[in-house]
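Report on the structure
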Amino acid sequence: MGDTVALLVAAGRGRRMSGTVPKQYRDLCGKPVLRRAIDAFTTHPAVAKVRVVIHPDDADDYTRATAGLDLPPPVTGGETRQDSVRLGLEALANDTPAQVLIHDGARPLVSPDTITRVIDALSDAPGAIPAIDVPDTLKRAQDGRIAETVPRDNIVRAQTPQGFRYVEIRDAHQRMTGRDMTDDAAVAEATGLHLALVAGEEDNMKITRDADLERAARILARRPSGIRVGSGFDVHRFGPGDCVRLGGIDISHTHGLAGHSDADVALHALTDALLGALADGDIGSHFPPTDPQWRDADSARFLAHAMDRLRARDGDLLHADLTLICEAPRIGPHRAAMQSRISAILDVDAGRVSIKATTTEALGFTGRREGIAAQATVTVELPIQ
Ligand code: MG
């Protein structure tokens, strides 16, 4: 299986809701609805890229909703949902991903398990959609009366993300242009593709009315969370220079620290501790030292990125505890500045950030003043998925 790209469709106007802000940009427990949907895919390990289709009037809302994210530019949608999806698929032509997940921007509570089930099903079907049973009896209504009872055998409700092999769904959309079908499975079926069904989830609801936002907020509020602890460790050797960057601040010293980035061993250990708590790789997998763009990089960026990953999963940093291990420079005089700088990078109260220092009694490489080591522990609260 090759790359999987998520295409989020957020070009609708949401005419069934009150207010002037389109539904996909309404706030849901501190984040726009669309941001929650985007975060579900950017934090999924099997999704390589996220692209969003937006309404041309929503550029400012989109910019606000995606602040801090490194996304390719949004695609401008068309008149209908089907047009918007086709334009989004055509905009992926340069990437030509192996498969694409098409998701409603107004479904903010999609779970990682649902995304995984759809992706897995694509290994032996050209398309797959999540669906749920219909427990209620269905009636066809006419002029306020029941015209007939609709047999519900084999009837399911279709959700998103709907996954497809990219080239096949793009071609299907191009062939079916102008038909105004309400989901992509319908487009695929019309061209003869046989799609798989995987289990959907009730909570993967589409925000259509004001009451849906309230229900989604209740679902988020009752999600259980757990405590996780992450640890990080890093070492950088001394090299030529007269200043070290440590804990985000510059400290005069007889040497500098050598490294690909600014060699801030303290922020590296903290970054790894956060990524460790998330089971989300390590600093090297997010910022490969072989990548020239991270040469001399400010390590605050690495730490802020790890914190963004935590927040994208609705996590909270309860506490960070950092220990610097060196004979020199002395850390004590800089402790308060470091604590203040690190808490600013993390955007948490300074009382959640602890800075400690120790020597190794002149033993080992730190004792021989060959470099500085740092270890960090973080405690986070994270919704259980
Ligand atoms: Mg390092």
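Residues numbered from 1 in each chain as written. Predicted model: local features only at pLDDT ≥ 70, side-chain atom pairs only at ≥ 80, totals over all residues. Heavy atoms only, no water.

Topic: the coordination of the magnesium ion
The coordination sphere of the magnesium ion contains the protein donors Asp234 (OD), His236 (NE2) and His268 (ND1), at a distance range of 2.1 to 2.3 Å. Positions of the donor residues of the magnesium ion along the chain correspond to the pattern D-x1-H-x31-H. (Donors = N, O, S within 2.8 Å, 3.2 Å for Na, K, Ca; no water.)

As for the side chain of Asp184
Inspection of the secondary structure assignment puts Asp184 in helix H6 (residues 184-190). Residue classification places Asp184 among the buried residues on the basis of a relative accessible area of 1%. A polar side-chain atom of Asp184 sits 3.0 Å from a polar atom in the side chain of Arg81. (Helix = DSSP H or I, 4+ residues; strand = E, 2+ residues; numbered from the N terminus. Buried < 20%, exposed > 50% of the residue type's maximum accessible area, 1.4 Å probe, protein only. Polar contact = N/O pair within 3.5 Å; in protein donor to acceptor, adjacent residues only side chain to side chain.)

Brief notes about the packing of aromatic side chains
Counted under the stated rule, the structure contains three aromatic pairs. Centre to centre, the rings of Phe287 and Trp294 are 4.8 Å apart; their planes meet at 90°, and the pair counts as edge-to-face. Pair check on accessibility: Phe287 and Trp294 agree, each one buried. Ring centres of Trp294 and Phe302 lie 6.0 Å apart, and the angle between their planes is 80°; on these two criteria the pair is classed as edge-to-face. (Phe/Tyr/Trp six-rings, centres within 6.5 Å; stacked < 30°, edge-to-face > 60°.)

Considering the sheet that holds strand S13 (residues 225-239)
Across the sheet, which stays open at both edges, the five strands sit in the order S16-S13-S19-S17-S18 with mixed pairing between neighbours. Where the open sheet ends on each side, the last strands, each with one partner, are strand S16 (256-257) and strand S18 (353-358). Examined bridge by bridge, S13 and S16 share two bridges and lie antiparallel to one another. Considered in S16, the bridge of Phe238 is made with Leu257. (Pairing = 2+ DSSP bridges.)

Looking at the packing of helix H3 (residues 81-91) against helix H5 (residues 166-175)
Interaxial distance between H3 and H5 falls to 9 Å at its minimum, and their mutual angle equals 135°. In terms of axis orientation, H3 runs oblique to H5. When you trace H3 past H5, the crossing you get is left-handed. On H5, the residues touching Gln82, Val85, Arg86, Leu89 and Glu90 of H3 are Tyr166, Ile169, Arg170, His173 and Gln174. Here the residues of the contact of H3 with H5 are counted per class, giving four nonpolar, three polar and three charged. (Axes fitted to C-alpha atoms, helices over the stretch in contact; angles between N-to-C directions. Parallel < 35°, antiparallel > 145°, perpendicular 65-115°, else oblique. Left-handed = near helix turned anticlockwise from the far one by under 90°. Contact = heavy atoms within 4.5 Å. Nonpolar A, V, L, I, M, F, W, Y, C, P; charged D, E, K, R; others polar.)

As for helix H1 (residues 33-42)
Counting buried positions along H1 yields nine of 10 residues, so the element is predominantly enclosed. When H1 is considered as a whole, its buried residues turn out to be Val33, Leu34, Arg35, Arg36, Ala37, Ile38, Asp39, Ala40 and Phe41.

As for the state of the cysteines
Counted according to the given criterion, the structure contains zero disulfides. A disulfide-free cysteine, Cys326 has its sulfur positioned 14 Å from the sulfur of Cys243, the nearest such atom. (Disulfide = S-S within 2.5 Å.)

Brief notes about the nonpolar core
Leu274 and Leu317 are the most contacted members of the largest nonpolar core, which has 41 residues in total. Elements supplying a minimum of two residues to this core: strand S14 (243-246), strand S15 (249-252), helix H8 (265-277), helix H10 (300-312), strand S17 (316-325), helix H11 (335-346), S18 and strand S19 (371-383). At nine residues, H8 tops the list of elements feeding residues into this core. Setting aside residues no more than four positions away along its own chain, Leu317 makes contact with Leu274, Met307, Leu310, Leu346, Val348, Arg352, Val378, Thr379 and Val380. (Core = buried A, V, L, I, M, F, W, Y, C linked by side-chain atoms within 4.5 Å.)

Some points on the domain arrangement of the protein chain
Reports of interface size often rely on the accessible area that becomes lost once the parts have come together. Assigned domains of the protein chain: these are domain 1 (4-222) and domain 2 (225-383). Computed over C-alpha atoms only, the centres of domain 1 and domain 2 are separated by 39 Å. Residue-level contacts link seven residues of domain 1 with six residues of domain 2. Contact between domain 1 and domain 2 buries roughly 450 Å² in total, counting both sides, with carbon and sulfur atoms accounting for 39%. (Domains from an automatic or database assignment. Buried area = accessible area lost by both parts, 1.4 Å probe.)

Here's the deal with unusual backbone geometry
Omega for the bond connecting Thr160 with Pro161 falls within 30 degrees of zero, at 10°, which places this linkage in the cis form. Within the fold, Pro161 resides in the loop between strand S10 (156-158) and strand S11 (162-165). Cis geometry marks the peptide bond from Ala328 to Pro329, where omega comes out at 0°. One non-glycine residue, Asp143, adopts positive backbone phi at about 55°. With respect to the helices and strands, Asp143 occurs in the loop between strand S8 (138-142) and strand S9 (145-150). In this structure Asp143 comes out as exposed when scored by relative accessible area, which is 77%. The phi dihedral of Glu361 falls on the positive side, at around 55°, and the residue is not glycine. By the secondary structure assignment, Glu361 is in the loop between S18 and helix H12 (364-367). Judged by relative accessible area, Glu361 falls into the exposed class, the value being 67%.

Examining the pairing of S18
Taken together, the six bridges between S17 and S18 define a ladder with parallel strand orientation. Across the sheet, Ile325 pairs through a bridge with Thr358, a residue of S18. Following the chain from S17 across H11 to the adjacent parallel S18, one finds a crossover that is right-handed. (Right-handed = clockwise from strand over helix to strand, strands pointing away.)

As for a nonpolar patch on the surface
A surface patch of nonpolar side chains, about 270 Å² in accessible area, is lined by Ile227, Val229 and Leu318. As for its placement among the helices and strands, Leu318 is situated in strand S17. (Patch = residues over 30% accessible without salt bridge, like charges linked within 9 Å, V, L, I, M, F, W, Y side chains within 5 Å. Areas by Shrake-Rupley, 256 points an atom, 1.4 Å probe, with all protein chains shown as cover. Salt bridge = Lys/Arg side-chain N within 4 Å of Asp/Glu carboxyl O.)

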